[in-house]
Amino acid sequence: MFSKILIANRGEIAVRIIRACNEMGIRTVAVYSEADAEALHVSLADESYCIGPALLKDSYLNMTAIIDVAIATGCQAIHPGYGLLSENPRFAQLCEKCGIKFIGPHWSVIAKMGDKDEARRTMKGAGVPVVPGLDEIGDIAEAKAFAAAIGYPVIVKASAGGGGKGIRIVRKEEDFENAVRAASAEAQSAFGNGKCYLEKYLTDVKHVEMQIVADEAGNVVCLGERDCSMQRRNQKLIEESPCVLLTPEVRKEMADAAVLAARTVGYTNLGTVEFLLDKDKKFYFMEMNTRLQVEHPVTEYVTGIDVVKWQIRIAAGIEFIYKQEDIRLRGCAIECRINSEDARMNFRPSCGRISLLHIPGGPWVRFDTAIYQDYTIPPYYDSMIGKLIVYARDRTEAIRKMQAALAELVIEGVQTNAELSSDILASDAFKNGSYCTNFLDAFLKEYVK
Ligand code: MV4
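Everything quoted here is computed from the prediction, not taken from an experiment. (Residues numbered from 1 in each chain as written. Predicted model: local features only at pLDDT ≥ 70, side-chain atom pairs only at ≥ 80, totals over all residues. Heavy atoms only, no water.)

Asker: Run through the overall build of the chain, naming residues and quoting values.
Answerer: Within the chain one finds 15 helices and 23 strands. For a compact globule of 449 residues, the expected C-alpha radius of gyration is about 22 Å, and the chain comes in at 21 Å, within 12% of that figure. Across its three principal axes, the chain shows a C-alpha extent of roughly 60 × 50 × 45 Å. Here the chain holds 449 residues, and the buried ones make up 57% of them. Sequence separation of 24 or more characterises 66% of the internal contacts of the chain that already satisfy a separation of 6 or more. Roughly 18200 Å² of accessible area belongs to the chain as shown, and the carbon and sulfur atoms make up 50% of that amount. Within the chain, the 60 negative side-chain charges are centred at a point lying 1 Å from the centre of the 53 positive side-chain charges. (Helix = DSSP H or I, 4+ residues; strand = E, 2+ residues; numbered from the N terminus. Rg over C-alpha atoms; globule rule 2.2 N^0.38 Å. Buried < 20%, exposed > 50% of the residue type's maximum accessible area, 1.4 Å probe, protein only. Contact = heavy atoms within 4.5 Å. Areas by Shrake-Rupley, 256 points an atom, 1.4 Å probe, with all protein chains shown as cover. Lys, Arg positive; Asp, Glu negative; His and termini not counted. Charge placed at Lys NZ, Arg CZ, Asp CG, Glu CD.)

Asker: So what's going on with the site of the ligand? Residues and values would help.
Answerer: Around the ligand, 15 residues are found, and the nearest of them are Lys157, Glu199, Lys200, Leu202 and Asn234. Leu202 places a main-chain nitrogen or oxygen 3.0 Å from a nitrogen atom of the ligand. The contact in question runs from a nitrogen atom of the ligand to an N or O atom on the side chain of Asn234, over 3.0 Å. Relative to its unbound accessible surface of 530 Å², the ligand loses 91% to contact with the protein. Where the shell around the ligand is concerned, the elements lending two or more residues are strand E7 (154-162) and strand E9 (196-200). When the residues that make up the shell around the ligand are grouped by side-chain class, the tally is 7 nonpolar, 4 polar and 4 charged. Here the shell around the ligand spans two domains, since at least three of its residues come from each of domain 2 (132-200) and domain 3 (206-447). (Near = heavy atom within 4 Å. Polar contact = N/O pair within 3.5 Å; in protein donor to acceptor, adjacent residues only side chain to side chain. Nonpolar A, V, L, I, M, F, W, Y, C, P; charged D, E, K, R; others polar. Domains from an automatic or database assignment.)

Asker: Tell me what's going on with unusual backbone geometry, and back it up with residues and numbers.
Answerer: A cis amide bond, omega 0°, links Tyr152 with the succeeding residue Pro153. The omega torsion of the bond from Ser241 to Pro242 falls at -5°, within 30 degrees of zero and hence cis. Structurally, Pro242 can be placed in the loop between strand E12 (235-241) and helix H9 (248-264). Residues other than glycine seldom take positive phi values, yet Leu84 does so here, at roughly 45°. On the secondary structure map, Leu84 appears in the loop between strand E4 (77-79) and helix H4 (89-97). Assessed through its relative accessible area of 27%, Leu84 is described here as partly exposed. The residue Trp364 is not glycine, and still its phi comes out positive at about 60°. Relative to the helices and strands, Trp364 is located in the loop between strand E19 (356-358) and strand E20 (365-369).

Asker: An account of the nonpolar core is needed here, citing residue identities and associated values.
Answerer: Ile238, Ile334, Ile411, Leu420, Ile424 and Phe430 are the most contacted members of the largest nonpolar core, which totals 40 residues. Every element with two or more residues in this core is listed here: E12, strand E15 (332-339), E20, strand E22 (384-392), helix H12 (395-408), helix H13 (418-425), helix H14 (428-431) and helix H15 (439-447). Aside from chain neighbours lying at most four places away, what touches Phe430 is Met230, Ile238, Glu240, Ile334, Arg395, Ile399, Ile424, Leu425 and Tyr435. (Core = buried A, V, L, I, M, F, W, Y, C linked by side-chain atoms within 4.5 Å.)

Asker: Explain the sheet that holds strand E1 (residues 4-7) to me, using residue names and the numbers behind them.
Answerer: Taken together, 5 strands build an open sheet; the order of strands is E3-E2-E1-E4-E5 and the sheet is parallel. This sheet does not close on itself; its edge strands, each paired only once, are strand E3 (47-52) and strand E5 (101-102). Note: strand E2 (residues 27-33) against E3, 5 bridges, orientation parallel. Bridge pairing links Ser33 to Gly52 in E3. (Pairing = 2+ DSSP bridges.)

Asker: Requested: an account of the sheet that holds E9, with residues and values cited.
Answerer: The 4 strands lie next to each other as E6-E9-E7-E8, forming an open sheet whose pairing is antiparallel. Every other strand in the sheet has two partners, leaving strand E6 (133-134) and strand E8 (165-170) as the edge strands with one partner each. Here helix H8 (residues 176-191) sits on the sheet and contacts E7, E8 and E9; the angle it forms with E8, its principal contact strand, is near 170°. (Axes fitted to C-alpha atoms, helices over the stretch in contact; angles between N-to-C directions.)

Asker: Report on H12, specifying residues and quantitative values.
Answerer: A rise of 1.5 Å per residue sets the reference length of H12, with its 14 residues, at 20 Å; its end C-alpha atoms lie 20 Å apart and thus fit the reference within 8%. Turning to H12, its buried residues number three or more, namely Arg395, Ala398, Ile399, Lys401, Met402, Ala405 and Leu406. Looking straight down H12, one finds that the buried residues subtend no more than 165° of arc, so they occupy a single side. In H12, the exposed positions angled more than 90 degrees off the buried face are occupied by Thr396, Arg400 and Ala407. Against the buried residues of H12 lie E12, E15, E20, E22, H13 and H14. Backbone nitrogen of Thr396 and a side-chain oxygen of the N-cap are separated by 3.3 Å at the start of H12; the cap is Asp394. (Expected span 1.5 Å × (residues − 1). Arc of directions from axis to C-beta.)

Asker: I'd like a description of the pattern of salt bridges, backed by residues and values.
Answerer: Evaluated as defined, the whole model comprises 36 salt bridges. Between Glu199 and Arg120 there is a salt bridge, with its nearest N and O atoms 3.5 Å apart. Of this pair, Glu199 sits in strand E9 while Arg120 sits in helix H6 (residues 116-126), placing them 79 residues apart in sequence. Look at Glu199 and you get buried, because its relative accessible area is 1%. The exposure class assigned to Arg120 is buried, which follows from its relative accessible area of 1%. Across the pair Arg353 and Asp374 runs a salt bridge whose closest N-O atoms are separated by 2.4 Å. Of this pair, Arg353 sits in strand E18 (residues 352-353) while Asp374 is found in the loop between E20 and strand E21 (376-377), placing the two residues 21 residues apart along the sequence. The exposure class assigned to Asp374 is partly exposed, which follows from its relative accessible area of 45%. Among the charged side chains, a network of salt bridges with common partners joins Glu209, Arg226, Lys236, Glu239, Glu295 and Arg337. (Salt bridge = Lys/Arg side-chain N within 4 Å of Asp/Glu carboxyl O.)

Asker: For the state of the cysteines, give the residues involved together with the corresponding values.
Answerer: Scanning the entire structure with this criterion turns up 0 disulfides. Here Cys222 stays unpaired: no disulfide links it, and the sulfur of Cys243, its closest cysteine neighbor, is 13 Å away. Take Cys222: its relative accessible area is 2%, and that puts it in the buried class. (Disulfide = S-S within 2.5 Å.)

Asker: Quick one: what's the story with the environment of Val42, residue by residue and with numbers?
Answerer: Inspection of the secondary structure assignment puts Val42 in helix H2 (residues 40-44). Overall, the relative accessible area of 13% leaves Val42 in the buried class. Taking the C-alpha atoms as reference, Val42 lies 23 Å from Trp310; in sequence the two are 268 residues apart. With residues near it in sequence (within four places) discarded, Val42 still touches Ala30, Tyr32, Asp36, Ala37 and Ser48.

Below, the structure written as structure tokens:
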């Protein structure tokens, strides 16, 4: 096992990883930007080093600065968390070159899955169902003919995409060309790669993702699903497990597809396979996320497995002790992301000092955060300041527990979306579990009036 790990991240996920290390007797090294001198991960780690100015590119995305710290402090591994460098194959490769274990899949697998149209082609070839579409848009007139053949609406997605950039929904033929050009230009400037592909745009679908764990001995196990249909502009707001629409039969089929996806590319460590699930319970592969996800705690609650500790163990060469038949989803977990933003002001980020903080407690109530009373939220980073996660024996009780916990949560000094989440939980579509990917935009149109 490693004796010392560098955490190449900030915020609640850096804190989450430090806690896993502390329980495992692993020493921790934090890195931070000039804007994060007062951040919680800096004080919780055994050692902390400032790696540059506030802007991400000058600090948390500065690969050589981070690796220099890892080498100088004698770290054997780097945990990248989510976002930032977590899905950057060049960073994973640089770690390898420097003899430092990157806690995640091999860089070649990150690269393969990071190219979304290549991932789509690979999965189709392996027999994993994909959304009807066109793998690569070359000639626009040809793509337009293809779109007409599968029927509108269609969705144009950037191959290098992520974080919602380079996605355009096209509802009628006359908008097609502009949409492709816009998606491509956006992707070119965000990722340096304008390649796009085309899919039928499915409505009345759920976004369901399967958590998989793969060790370096070739064991691949699925830890069940998360329903992530409650999102706007690619930002998830509420996630839950299990998904109410999945029957045991379809869950098994989808888990098998996720395991097949992972095996096909020689996947190792923790990963997530995203699917769309339609009303006929047919499902389609969308993409694979080759990292730890924000919403991992819901899976931890329903499976009883600490996935961050397993990421570290697997990276150290330890075999995953559970077989597929050992995995049973028990009870129901819900997560609400708490963002410092004003839902009624077009989700404008809200920065400033936390003047009062009360964190809810009680059995099976978890608040993953890096804020504390009197902490000042810097303006440079994303607006998620915490995640409230609850667990109960059934969904009705989990919703009540979440409502009670949201009501108990006090964050003064910044605006948060806690009330919005509470209003969503109270809606019929959430209560009966039927909500789909189109729910939140429609809900917000009424909400902000
Ligand atoms: C889709 C889709 C429907 N059809 N693709 C892709 C990235 C992810 N974050 C959202 N994505 C979607 N891709 C096809 N072919 C529906 C979504 C989607 C979504 C779209 C608009 C508004 C909210 C959404 C929530 C989840 C998924």
